[in-house]
Amino acid sequence: MDVLTGWWDDYFWGALVVGKVFLCSLGLMILFGLLGAMAKLSNSRIAHKVAGAYTVVFRGTPEILVILLLYFGSAIILTSIAQVFNPEIKFVDVPPFWAGTIAISIIVGSYATETFRGAFLGVNPGSIEAARALGMSDLQTFIYVRIPEMWRLALPPFGNHMLSLVKDTALISIIGLNETMFVAKQAITVTGKPFTMYIVVGAIYLGFSTLVTLFVMGVEKFGERTTVGAK
Amino acid sequence: MSFDLQLIAESLPMMLMGIGITLKLLVISGILGLLLAICLLLMRISGRWYFNVPAQIYIYVFRGTPILVQIFIVYYGLPQFEAVRDSVFWPILREPTGCAILALSLNTGAYVSEILRGGVLGVDKGVLEAGSALGMSAHQKFIYITAPIATRLALPAYSNDVISLLKSTALASTITIADMTGIARTIVADTYAPYEIFISLAIIYMIFTFGLQKLFGVIERYLSRYTKREG
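Below you will find a few notes about this structure. (Residues numbered from 1 in each chain as written. Chains lettered and ligands numbered in written order. Predicted model: local features only at pLDDT ≥ 70, side-chain atom pairs only at ≥ 80, totals over all residues.)

Across its full length, chain B holds 11 helices and 0 strands. Mapped in sequence order, the helices and strands of chain B form the string α-α-α-α-α-α-α-α-α-α-α. Projected onto the principal axes, the alpha-carbon positions of chain B cover approximately 70 × 55 × 25 Å. Taking all 231 residues of chain B together, the buried fraction comes to 36%. Restricting to contacts in chain B with at least 6 residues of sequence separation, those with at least 24 account for 78%. (Helix = DSSP H or I, 4+ residues; strand = E, 2+ residues; numbered from the N terminus. Buried ≥ 20, exposed ≤ 12 C-beta atoms within 10 Å, placed from the backbone. Contact = placed C-beta atoms within 7 Å.)

Below you can see the structure in the form of structure tokens.
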């Protein structure tokens, strides 16, 4: 444990970055998932095709490839734009934080698309008819009937998607995000104790996974408070 | 920015040379992971706490940490110990390929054992009672009733896991292995053409995924040839 002296604060900041990536990608993932699910459930043939392609492509490609493509690809575009204004500029990149966060939310969003689609289809048609009978508008039905029923159905798989987001954060270290993996790499060059350093990284991620799991369990309980006994 | 088709034509054969390593990683860690998963499953359903608890801890740890961290712990971390370097396993652990296979097997084993457990829990109680009524022993019931039905129930989820294993093999490129992704990254470093290279590689992976899905579809149809057709 002595070798870790002096590195705790670096790990703390690294863990903070993991948390930040998680929160940002969570929001984006929900957005991508909802957009994808709505496109899949819409009547438009084009939206249907686009969403279909989205889920096929991002569920069939390795995560690391998407991250590398988004990071280096966006850097090429940005550099060529920047060179129009100032030919001196050699390299402009999107910060690894955003390139990585967007990449993992697109990937996990493609899984969430299927989850949300299934959950929307699982909403009891009787509830929707009841809402209609009460004279609710489409928007009201969506907010007061579809969403409350849908999120309870989506929660268990959605919890797994949240765990994927946490774990995929480690991949962003490949493009230079200074999260815990990155800290470990620096610590190893100084101390020469790779096992100890990576075990700490593992422990930090395990802590995050545990927190997310507990959170999902709590939300599940909260969601069931009005449905207990109704089954 | 232009899309260099000639570059794709030149680099495609180079990337395809890595297909052998990708396949080797997929098949060997798939088989080892499945064996490990079966051991873990038997420990989980043994009903004895001294088997059940260690298996549960193993699954919790390996599912709660990123696969990249696990690969790094095995490849960079284990040689920190004298005992590992002197052991008989050193010839395997010295090679990045051996390390990648070990880490991927350990990881996928944890996921697959949970999938198999889902299958075992899904077996109808009635058929087991029928087995008891026929005077079958617990072992006979497991081998002739539970195992075949659980295999069929677990297969769809298992096929998803094999696909995510395929995607995880791309991470082997982070420990200097020249699999398809590793070769692609080298080409991109030389030519700086991420779009051409990474997108064509993504298509190769998608073809792979598609092939795996078809293969499992065939197996699934074969295994459910005696079951009643639904709908």
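The next point concerns the overall build of chain A. Scanning chain A from terminus to terminus reveals 8 helices and 0 strands. Each helix (α) and strand (β) of chain A, taken in turn from the N terminus, gives the series α-α-α-α-α-α-α-α. The dimensions of chain A, computed from C-alpha atoms along their principal axes, are 70 × 50 × 25 Å. Relative to its 231 residues, chain A shows a buried fraction of 37%. Pairs at least 24 residues apart make up 76% of the contacts formed inside chain A by residues separated by at least 6 positions.

Glancing now at the interface of chain B and chain A. Between chain B and chain A, the contact holds 29 residues from the first and 30 residues from the second. Listed by contribution, the elements that provide at least two residues to the side of chain B that touches chain A are helix H3 (49-64), helix H4 (67-77), helix H10 (180-191) and helix H11 (194-223) of chain B. When residues of the side of chain B that touches chain A are assigned to their parent elements, the largest contribution, 9 residues, is made by H11(B). Here the side of chain B that touches chain A is built from residues that sort into 21 nonpolar, 7 polar and 1 charged. (Nonpolar A, V, L, I, M, F, W, Y, C, P; charged D, E, K, R; others polar.)

What follows concerns the packing of helix H1 (residues 8-41) of chain A against helix H6 (residues 138-168) of chain A. Residues and elements named next belong to chain A. Where H1 meets H6, the closest approach of the two axes is 10 Å, and the angle between their N-to-C directions is 135 degrees. Compared by their axis directions, H1 and H6 come out oblique. In this structure, the crossing between H1 and H6 has a hand that is right-handed. The residues of H6 that touch H1, namely those facing Phe 22, Ser 25, Leu 26 and Met 29, are His 161, Met 162, Leu 165 and Val 166. Across the contact of H1 with H6, the residue classes tally to 6 nonpolar, 2 polar and no charged. (Axes fitted to C-alpha atoms, helices over the stretch in contact; angles between N-to-C directions. Parallel < 35°, antiparallel > 145°, perpendicular 65-115°, else oblique. Left-handed = near helix turned anticlockwise from the far one by under 90°.)

Moving on, we get to the environment of Ile104(A). Residues and elements named next belong to chain A. Note that Ile 104 resides in helix H4 (residues 96-121). Considered as a pair, Ile 104 and Val 166 are 62 residues apart in the sequence and their alpha carbons are 9.6 Å apart. Residue contacts for Ile 104: discarding those within four places in its chain leaves Ser 25, Glu 63, Leu 165, Asp 168 and Thr 169.

With 12 residues, helix H7 (residues 180-191) of chain A should reach 16 Å at 1.5 Å per residue; the first-to-last C-alpha distance of 16 Å fits that figure. What H7(A) keeps buried is the set Thr180(A), Met181(A), Phe182(A), Val183(A), Ala184(A) and Ala187(A). Close packing links the buried residues of H7(A) with H1 and helix H8 (194-224) of chain A together with H4 of chain B. Within two residues after H7(A), Gly192(A) carries a phi angle of roughly 70 degrees, on the positive side. (Expected span 1.5 Å × (residues − 1).)

Now for H3(B). Taking 1.5 Å of rise per residue, the 16 residues of H3(B) would be expected to cover 22 Å, and the 22 Å separating its terminal C-alpha atoms lies within 8% of that figure. Looking at H3(B), one finds that the buried residues are Ala55(B), Ile59(B), Phe62(B) and Gly64(B). Buried residues belonging to H3(B) abut H8 of chain A together with helix H2 (19-44), H4 and helix H7 (96-121) of chain B.

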